[in-house]
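Here are the chains, one letter per residue:
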Amino acid sequence: MLTAALQRRVGEFALECELEANAAATLVLVGESGSGKSTVLRLLAGLLRPDAGRVALGNRVWCDTSRAIWVPAPERPVGYVPQDYALFPHLSAAENIAFGLRASGMDRGAVKRRTADLLDRFELTDLAGRRPHDLSGGQQQRVALARALALEPALLLLDEPLSALDVETRHAVRTELKRLLAGLSCVTVLVTHAPMEALLFGDRIAVLDHGRIAQVGDRLSLLREPRTRYVATLLGLNLMPGRVLTRGPGEEVVLATPRGQVMAVGGGPGDDLFVVVSPDQVTLSLEQPAGSARNVLSGEIDEILPEPPYGERLRVVIGPAPAFVAEITARAAAHLGLTVGQRVHASFKATSVAIYA
Amino acid sequence: MIRPDGRRRLWLETGGRVGALALAGLLGAMIALPLAGIVLRVSPAAMLRQLADPGVRQTLWLSAGTSVTATLISLLLGLPMAGLLATRSFPGKRVIEVLMDLPMVIPPTVAGFALLMAFGRVGLLGGTLSALGISLPFTTAAVVVAQVFMSVPFLVGAARAGFASVDPRYLDAAATLRAGEVYTFLRVRLPLALPSLIAGAAMCWARALGEFGATITFAGNMAGTTRTVPLDVYLLLQENLDAAATLSLVLVVMAAVLLAGMRQAGLGLFAPPRAHGSAAAPGR
């Protein structure tokens, strides 16, 4: 169990957050660049000292500013995979992997055996003698992971493990990494700017916004109930505040939102609720849909953004603020002949609206 | 719209180009002509004859031996200093930095005089040294001391820059892999700074090889013990131009080979050495 309370100021930027993670669940820190994700990892690894705070793994305290406790990085059982991996360019793959074993004073024979095991486990045996610049991105990542895991760390820190990979390899490596992490018994904290990766890897997800945790929760709770517009936008969801106008008949609820009236089904008590619509539940049309039971929001297209990785899906951002987003296939968009500035009608079923207090 | 004044522009453009070419040519000639003077002074046959001369050989061997020794001592003493200056901040660091640079700018004869005042018979440590039965001035050891004094700053400067330019991400990675400060220095910082260290050592050696003023002042000019190539060239000017030209040519050729080799290896003298692997290339 990792517990951390961290405060750190870097110039204008102030980081202040509390984290918990256990071995059973990978914790993902997701946020935009500059949100302080990497700083959190450096603080956990002991590469950076917090201005105030505490870091403990189980009952072992690594840092406690109030008690002047500080365990330096080399003495923490931490495996750290930095962004772009930082493999030692002057050492071969095998020497990179053996680096930590040798530094910790293991005898040569044991280092050799353990390195050979790791090379085998990460399917690097044929590449043992290659320098990092002669390895592909995916291979570099495997070396970096093997190097970090060689010392059987109690805490594994991964900083944007997929960002150095090109689009084609990313998909394969993602699956591979997911399987690897599932088999590890250590506490794992992974940092990413990509919500998609956060949802994939994160058993628990902490959304970091300007140095503060905006929301923590498991995958589903984040997707279903984003608490702030930032979290919703990050996850690609439409989030609006809604005020209940009428209830019934049955489970039906009509809410007033900044984009007009929305009909939903279910929802808890209370009159001020969050209204969430997943963009892939939204269809677009050029004509006002007639006599439909569906919700319809109209507006002009602000932006059309291709969705990574291949752009076969598009995010259509419909103004005015707060913008409403529809995600449709590139084909559908071409069929409708959508262009920026065009007036469109976005419709969605009452049953695809999530409301919660 | 402002129309450029055609004539004035033409004057500036052509005048500037012609002027720059002329001045650059003048400088090129100024450096190349004297070197040509040496080369043209001796026929290859005369040169071979001179190189067979025991006196000339003795001088060459003395220079080679002392300059290599001075470089090795500079490495031994200079690398720790460069490492400390590159990685630590401590009170008095500025003073040490100035001290390390000083030998590069003080006149060599002054340096030689200063060495005498420290290690000479009447110097600060003269009494201590003679009590131990050591007399430094006018020995080959004094030549090495003078060379180290004059050339070690080149090594310290280059090595320090090299150590400091190592990407901190590698150092962080090492720290999380149980590597302490010293281990990280030896296994990460040192090898990654190697190009700078080689460049620094090469400059240090070249400087030691060419040392004249401090050597003649502190170590004297005694054939076989302290008369290095630069000293001999100066002496031979008056008696044997062929021999002086031969020795000079050897120095010039060695310097040229050294510089060309460094360039070939991407180690410019003034250009900062190529940073070794600024992060593994993403993807490929």
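Please read all numbers here as calculations on a predicted model, not as lab measurements. (Residues numbered from 1 in each chain as written. Chains lettered and ligands numbered in written order. Predicted model: local features only at pLDDT ≥ 70, side-chain atom pairs only at ≥ 80, totals over all residues.)

**With respect to the overall build of chain B**
Assigned secondary structure in chain B consists of 13 helices and zero strands. Order of helices (α) and strands (β) in chain B, N terminus to C terminus: α-α-α-α-α-α-α-α-α-α-α-α-α. On C-alpha atoms alone, chain B measures out to a radius of gyration of 24 Å, which is more than a quarter above the 19 Å that the 2.2 N^0.38 rule sets for 284 residues. By principal-axis analysis of the C-alpha atoms, chain B measures approximately 75 × 65 × 35 Å. Residues classed as buried in chain B amount to 36% of the 284 residues present. Taking as baseline every contact in chain B between residues at least 6 positions apart, the subset at least 24 positions apart corresponds to 77%. (Helix = DSSP H or I, 4+ residues; strand = E, 2+ residues; numbered from the N terminus. Rg over C-alpha atoms; globule rule 2.2 N^0.38 Å. Buried ≥ 20, exposed ≤ 12 C-beta atoms within 10 Å, placed from the backbone. Contact = placed C-beta atoms within 7 Å.)

**Some remarks on the overall build of chain A**
Along the backbone of chain A there are nine helices and 21 strands. If you line up chain A on its principal axes, its C-alpha atoms span 80 × 50 × 40 Å. Counting across all 357 residues of chain A, residues that qualify as buried make up 42%. Of the contacts made within chain A by residues no fewer than 6 positions apart, 63% connect residues no fewer than 24 positions apart.

**Here's the deal with the nonpolar core**
Within soluble globular proteins, side chains that are nonpolar tend to cluster in buried spots. Judged by nonpolar contacts, the single largest core of 149 residues is most densely connected at Leu44, Leu157 and Val275 of chain A together with Ala146 of chain B. Per element, the largest residue contribution to this core is 15 residues, and it comes from helix H7 (residues 140-164) of chain B. Not counting chain neighbours up to four residues away, the residues in contact with Leu44 of chain A comprise Ala4, Val55, Leu155, Leu157 and Val189 of chain A. Val233, Ala243, Ala244 and Ala245 of chain B belong to the second-largest nonpolar core, a separate cluster that totals 10 residues. (Core = buried A, V, L, I, M, F, W, Y, C linked by C-beta atoms within 7 Å.)

**Concerning the pairing of strand S5 (residues 60-64) of chain A**
All names here are of chain A. Here four bridges tie strand S4 (residues 52-57) to S5, and the two strands are oriented antiparallel to one another. Its bridge partner lying in S5, Ala56 is registered against Val61. Counted between consecutive antiparallel strands, the loop separating S4 from S5 contains two residues, among which Gly58 sits at a positive phi close to 60 degrees. Where S5 meets strand S6 (residues 69-70), two bridges bridge the pair, whose relative direction is antiparallel. Each residue of the ladder has a partner; that of Asp64, found in S6, is Ile69. (Pairing = 2+ DSSP bridges.)

**A short note on the interface of chain A and chain B**
Taken residue by residue, the interface counts 28 residues in chain A and 22 residues in chain B. Those elements that provide at least two residues to the side of chain A that touches chain B are strand S7 (78-81), helix H2 (93-103) and helix H4 (137-149) of chain A. In terms of residue class, the side of chain A that touches chain B is built from 18 nonpolar, seven polar and three charged. (Nonpolar A, V, L, I, M, F, W, Y, C, P; charged D, E, K, R; others polar.)

**Here we look at the environment of Leu241 of chain B**
Residue and element names in this part refer to chain B. Its location among the elements puts Leu241 in helix H13 (residues 241-264). Judged by the 12 C-beta atoms lying within 10 Å of it, Leu241 is exposed. Note: C-alpha distance between Leu241 and Pro191 (50 residues apart in sequence) is 46 Å.

**Re unusual backbone geometry**
Residues and elements named next belong to chain A. Following Gly319, the chain continues to Pro320 via a peptide bond in cis, the omega torsion being -5 degrees. Assignment of secondary structure puts Pro320 in the loop between strand S18 (313-318) and strand S19 (324-329). One non-glycine residue, Tyr85, adopts positive backbone phi at about 75 degrees. Looking at where Tyr85 falls in the secondary structure, it is placed in the loop between S7 and H2. The class of Tyr85 is buried, set by 26 C-beta atoms lying within 10 Å.

**Brief notes about the sheet that holds strand S21 (residues 353-356) of chain A**
Across a sheet, paired strands are connected by hydrogen bonds in the backbone, their directions being either parallel or antiparallel. Residue and element names in this part refer to chain A. Pairing in this open sheet of five strands is antiparallel, and the strands run S14-S13-S12-S15-S21 from one edge to the other. The open sheet has two free edges, formed respectively by strand S14 (260-265) and S21, since each of these has just one partner strand. On average, each strand axis in the sheet is inclined to that of its neighbour by 40 degrees, with strand direction left out of account. Bridge count between strand S13 (residues 252-257) and S14: six bridges; the pairing is antiparallel. Note on S14: the bridge partner recorded for Ala256 is Gln261. (Axes fitted to C-alpha atoms, helices over the stretch in contact; angles between N-to-C directions.)

**A word on the sheet that holds strand S3 (residues 27-30) of chain A**
Residue and element names in this part refer to chain A. Strand order across the open sheet formed by six strands is S7-S8-S9-S3-S10-S11, with mixed pairing between neighbours. Of all strands in the sheet, those bounded by a partner on one side alone are S7 and strand S11 (212-218). Direction aside, the axes of adjacent strands within the sheet are offset by 15 degrees on average. The sheet contact formed by strand S10 (residues 204-209) and S11 spans six bridges and is antiparallel. Each residue of the ladder has a partner; that of Arg204, found in S11, is Asp218. This element, H4, spans S7 and strand S8 (155-159) of the sheet and lies at about 165 degrees to S7.

**Quick word on helix H5 (residues 108-119) of chain B**
Residue and element names in this part refer to chain B. The terminal C-alpha atoms of H5, which comprises 12 residues, lie 16 Å apart, in line with the 16 Å expected from a rise of 1.5 Å per residue. Of all the residues in H5, the buried ones are Ala111, Gly112, Leu115, Leu116 and Phe119. On an axial view of H5, the arc spanned by its buried residues comes to 145 degrees, and they lie on one face. Buried residues belonging to H5 abut helix H4 (93-105), helix H6 (126-131), H7 and helix H11 (213-218). (Expected span 1.5 Å × (residues − 1). Arc of directions from axis to C-beta.)

**Regarding helix H3 (residues 108-121) of chain A**
Residues and elements named next belong to chain A. Relative to the 20 Å expected for 14 residues at 1.5 Å per residue, H3 spans 20 Å between its end C-alpha atoms, a close match to the ideal helical length. Every buried residue of H3 is accounted for by Val111, Thr115, Leu118 and Leu119. Down the axis of H3, the buried set is contained in an arc of 100 degrees. They therefore lie on one face. Residues of H3 that are exposed and point over 90 degrees away from its buried face: Gly109, Ala110, Arg113 and Asp120. Where H3 is buried, its residues meet H2 and H4. Directly after H3, the chain includes Glu123, whose backbone phi takes a positive value near 55 degrees.

**Topic: the packing of H7 of chain B against helix H10 (residues 194-210) of chain B**
Packed helices, taken two at a time, are described by the angle their axes make and the gap between the axes. Residue and element names in this part refer to chain B. Packing of H7 against H10 brings their axes to within 8 Å, and their N-to-C directions diverge by 165 degrees. The orientation of H7 relative to H10 falls into the category roughly antiparallel. Read as a crossing pair, H7 and H10 show a hand that is right-handed. Between H7, through Gln147, Met150, Ser151, Val152, Phe154, Leu155, Gly157, Ala158, Ala159, Ala161 and Gly162, and H10, the contact on the second element is made entirely by Ser196, Leu197, Ala199, Gly200, Ala201, Met203, Cys204, Arg207 and Ala208. Classifying every residue of the contact of H7 with H10 gives 13 nonpolar, six polar and one charged. (Parallel < 35°, antiparallel > 145°, perpendicular 65-115°, else oblique. Left-handed = near helix turned anticlockwise from the far one by under 90°.)

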